[in-house]
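As a plain string of letters, each chain reads:
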Amino acid sequence: MIAVTVIDREGKKHEFEAPTDMGLNLMELCRINELPIKGTCGGMALCASCHVYVQSDHTLPEQSDSELDMLDQAFFVEPNSRLSCQIRLTDALNGLTVQLAPDDAEE
Ligand code: FES
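In this text the structure is predicted, and so the values were computed from the model without any measurement. (Residues numbered from 1 in each chain as written. Predicted model: local features only at pLDDT ≥ 70, side-chain atom pairs only at ≥ 80, totals over all residues.)

Colleague: What am I meant to see in the overall build of the protein here?
Modeller: Within the protein, the secondary structure is distributed over 2 helices and 5 strands. Each helix (α) and strand (β) of the protein, taken in turn from the N terminus, gives the series β-β-α-β-α-β-β. For a compact globule of 107 residues, the expected C-alpha radius of gyration is about 13 Å, and the protein comes in at 12 Å, within 12% of that figure. When its C-alpha atoms are laid out on the principal axes, the protein stretches across 35 × 30 × 25 Å. Taken across its 107 residues, the protein has 28% of its residues classed as buried. For the protein, the proportion of contacts with a sequence separation of at least 24, taken over those separated by at least 6, is 62%. (Helix = DSSP H or I, 4+ residues; strand = E, 2+ residues; numbered from the N terminus. Rg over C-alpha atoms; globule rule 2.2 N^0.38 Å. Buried ≥ 20, exposed ≤ 12 C-beta atoms within 10 Å, placed from the backbone. Contact = placed C-beta atoms within 7 Å.)

Colleague: Could you clarify how one ought to interpret the pairing of strand β2 (residues 13–18) in this entry?
Modeller: In the case of a regular strand, side chains alternate between the two sheet surfaces. As paired elements, strand β1 (residues 2–7) and β2 share 6 bridges and run antiparallel to each other. Residue pairing for β2: V4 is matched across the bridge by F16. Linkage of β1 to β2, two consecutive antiparallel strands, is achieved through a turn of 5 residues, within which G11 is found at a positive phi near 85°. (Pairing = 2+ DSSP bridges.)

Colleague: Would you take a moment to explain the environment of Q73 for this structure?
Modeller: Mapped onto the elements, Q73 comes out in helix α2 (residues 65–73). The class for Q73 is exposed, based on 9 C-beta atoms found within 10 Å. Note: C-alpha distance between Q73 and A48 (25 residues apart in sequence) is 8.4 Å.

Colleague: Would you mind going over unusual backbone geometry with me for this structure?
Modeller: Excluding glycine, most residues fall at negative phi; most peptide bonds, likewise, are trans. One non-glycine residue with positive phi stands out, namely E34, at about 60°. Of note, E34 is situated in the loop between α1 (26–32) and β3 (51–54). At F76, a residue that is not glycine, the phi angle is positive and equals roughly 55°. Within the secondary structure, F76 sits in the loop between α2 and β4 (81–83). On the basis of neighbour counts, which here come to 11 C-beta atoms within 10 Å, the residue F76 falls in the exposed class.

Next comes the structure, spelled out in structure tokens:
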């Protein structure tokens, strides 16, 4: 298990214990814990509705071309923006802290 902190859009911190042996990604962890993250494309790097800002200085898996393309089209992108569905939870990410990006209000 690893510790993961997710800060919601109101600035509230949510601390989770996450298993690393289930192949879960960060978007799925947020959804399981009922945080307001849509994950519309189901984790295919095709929607950017799982956009987060990484606040801790962990070395994350490299961004795929599809993630970079999606972030190119997303709103409110910052240098620490990532698609949380592309971040697989592994032991190396113990202590990871991310913040949910603003909703792009596309509903
Ligand atoms: S869930 Fe669609 S890009 Fe992550």
